[in-house]
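Listed below, chain by chain, are the residues.
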Amino acid sequence: MQELGEPAYRARQIFAALHSRRLQSFDAITELPKELRAALGKRATASTLTLESRYVSEDGTRRYLLKTHDGLPVETVFIPEERRDTICFSSQSGCPLQCSFCLTAQLGLLRSLSAGEIVEQVVIALNDAYGVATETPHGTNLVGMGAGEPFLAFESLMKALRVMADPAGMHIVPGRVTVSTAGIVPRIRELATISDRPHLAVSLAAPTDELRDQLMPINKKWPLQELLGACKEFEKSLKPGERFTFEYVMLDGVNDSEDHARQLANLLNRHQLRAKVNLIPHNPAAPLPYLPSTPMAVEKFQAILEAKGIPAFVRRPRGRDIYAACGQLAARGSENVATSMGSSNAAP
Ligand code: SAH
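A few points on the structure. Predicted model, so just to flag it, every value in this text is computed and none were measured. (Residues numbered from 1 in each chain as written. Predicted model: local features only at pLDDT ≥ 70, side-chain atom pairs only at ≥ 80, totals over all residues. Heavy atoms only, no water.)

1. Some details on the overall build of the chain
Argument step 1. A tally of helices and strands in the chain yields 10 helices and 13 strands.
Argument step 2. The C-alpha radius of gyration of the chain comes to 21 Å, within 12% of the 20 Å expected for a compact globule of 348 residues.
Argument step 3. Seen through its C-alpha atoms, the chain measures out along the principal axes to roughly 70 × 45 × 35 Å.
Argument step 4. Here the chain holds 348 residues, and the buried ones make up 51% of them. (Helix = DSSP H or I, 4+ residues; strand = E, 2+ residues; numbered from the N terminus. Rg over C-alpha atoms; globule rule 2.2 N^0.38 Å. Buried < 20%, exposed > 50% of the residue type's maximum accessible area, 1.4 Å probe, protein only.)

Below, the structure is given as structure tokens:
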């Protein structure tokens, strides 16, 4: 605004219009003089993602397939829950990690997203769920668990979180954000030093290096000893009563035996970590060579962890029918579930 010879309050006006009211074009900011809107449009853009498709699950979960200005796929998922809603955003288009149970891996890395592209995913999901220019409902949670590895887009991620936390904007504070990593050790250590940081989840998937090497090749770079060492360091940044999360995808006959459960409990107890474990039944998808664990195996696994003092929770899969669940984001279409954007803006 200074460059354009405008007063400072104009900048605040524009920030609030784009982030609090979530308008998606300069033209929609009607309180600005027409000439200023035109001048802005010449040097900047208020939105760069376009909506390709919107899929609605029978459980109410919505998946947005978006496209960047350079034609790459980005996916965002809106998950309605009884008391609060959750938006799951992507940090990269595709993903460079090659976790054998995840469909996103098959895209490879297309590129990391910018801070603006991360923020805009949340804007699009909020506007679709609640309507443009409505207040962001209190208690909306964000999870960085979509496509990509957030800690390989660290700068964009942290910048996006700062923008979204601004009280003059969306005001979604870091305490309502959880970021999930496959185990980029230096970034776990770095996150621990950031005062206004989001919550941390670490994807484990196996209790031994031998098995984790196969399922998550990133383990060859940062094996369990180093990963859990970084988690121990991170633990110092937890607030009283706070725990961080390990995610454990449950693959039938691969990592879900009673022995695996005991190994996992012993591993975590050896490091005495203030953590809980979320058990995620595998979300199957055609080319992946796995099946979800049976409910009985999941229950037994949970019981063994609990008996050894480790809080464990079973996550209910959401949006499997529209390829919106964990590990299913791979820019897929699905003819019979597509609906158009716009008509149903009511909150679920
Ligand atoms: N790259 C980050 C975030 C994306 S994955 C990470 O690895 O943590 C988000 C979660 O989905 C991870 O815990 C991952 O292990 C899990 N996941 C991946 N594929 C899955 C699948 N097919 N079924 C269930 N969970 C899966």
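Text resumes after the structure shown.
2. Observations concerning the pattern of salt bridges
Argument step 1. By the definition in use, this model includes 16 salt bridges.
Argument step 2. Across the pair glutamate 75 and arginine 63 runs a salt bridge whose closest N-O atoms are separated by 2.5 Å. Taken together, the residues span a long stretch of sequence, with glutamate 75 in strand S3 (residues 73-79) and arginine 63 in strand S2 (residues 62-67) at a distance of 12 residues.
Argument step 3. According to the relative accessible area criterion, arginine 63 is buried, its value standing at 0%.
Argument step 4. Linked through salt bridges whose partners overlap, the residues forming this network are Arg54, Arg62 and Asp128. (Salt bridge = Lys/Arg side-chain N within 4 Å of Asp/Glu carboxyl O.)

3. Describing the pairing of strand S9 (residues 199-203)
Argument step 1. Across the five residues that make up S9, a large majority, four, are buried.
Argument step 2. As paired strands, strand S8 (residues 177-181) and S9 are joined by four bridges and run parallel to one another. Following the sheet pairing, valine 179 is matched in S9 by leucine 200.
Argument step 3. Taken together, S8, helix H5 (residues 185-192) and S9 constitute a β-α-β crossover, and its handedness is right-handed.
Argument step 4. For S9 and strand S10 (residues 244-250), the ladder comprises three bridges, and the chain directions are parallel. Bridge pairing in S10 places valine 202 opposite phenylalanine 246. (Pairing = 2+ DSSP bridges. Right-handed = clockwise from strand over helix to strand, strands pointing away.)

4. Focus: the site of the ligand
Argument step 1. The local shell around the ligand holds 19 residues, among which Phe101, Ser180, Ser203, Glu247 and Asn283 are the closest.
Argument step 2. In the model, a nitrogen atom of the ligand is placed 2.8 Å from a nitrogen or oxygen of the phenylalanine 101 main chain.
Argument step 3. Taking asparagine 283, its main chain carries an N or O atom lying 2.8 Å from a nitrogen atom of the ligand.
Argument step 4. At the level of elements, S8, S10 and strand S11 (275-281) are the ones that each hand at least two residues to the shell around the ligand.
Argument step 5. For the shell around the ligand, the per-class residue count stands at nine nonpolar, eight polar and two charged. (Near = heavy atom within 4 Å. Polar contact = N/O pair within 3.5 Å; in protein donor to acceptor, adjacent residues only side chain to side chain. Nonpolar A, V, L, I, M, F, W, Y, C, P; charged D, E, K, R; others polar.)

5. Observations regarding the side chain of serine 180
Argument step 1. Locating serine 180 in the fold gives a position in strand S8.
Argument step 2. Given a relative accessible area of 9%, serine 180 falls into the buried group.
Argument step 3. Here the side chain of serine 180 touches glutamate 247 through a polar contact of 2.7 Å, side chain to side chain.
Argument step 4. In this structure, serine 180 is in contact with Gly144, Met145, Glu149, Pro150, Ala201, Ser203 and Glu247, ignoring residues within four places of it in sequence. (Contact = heavy atoms within 4.5 Å.)

6. Some details on the packing of aromatic side chains
Argument step 1. For the structure on display, the rule yields five aromatic pairs.
Argument step 2. Between phenylalanine 151 and phenylalanine 154 the ring centres are 5.5 Å apart and the planes differ by 80 degrees, which places this aromatic pair in the edge-to-face class. A single burial state applies to phenylalanine 151 and to phenylalanine 154, both of which are buried.
Argument step 3. Relative to phenylalanine 244, the ring of phenylalanine 234 has its centre 6.1 Å away and its plane inclined at 80 degrees; by these criteria the two rings are edge-to-face. With phenylalanine 234 in helix H8 (residues 224-235) and phenylalanine 244 in strand S10, the pair connects residues that are 10 residues apart, well separated along the chain.
Argument step 4. Judged by relative accessible area, phenylalanine 234 falls into the buried class, the value being 0%.
Argument step 5. Using a relative accessible area of 1% as the deciding quantity, one classes phenylalanine 244 as buried. (Phe/Tyr/Trp six-rings, centres within 6.5 Å; stacked < 30°, edge-to-face > 60°.)

7. Here we look at the environment of aspartate 213
Argument step 1. Position of aspartate 213 relative to the elements: it lies in helix H6 (residues 209-215).
Argument step 2. Once the C-alpha coordinates of aspartate 213 and proline 223 are considered, the two residues, 10 residues apart in sequence, prove to be 8.1 Å apart.
Argument step 3. When residues no more than four places from it in sequence are discounted, the contact partners of aspartate 213 are Asn219 and Lys220.
Argument step 4. In terms of polar contacts, aspartate 213 uses its side chain to reach the side chain of asparagine 219, at 2.8 Å.

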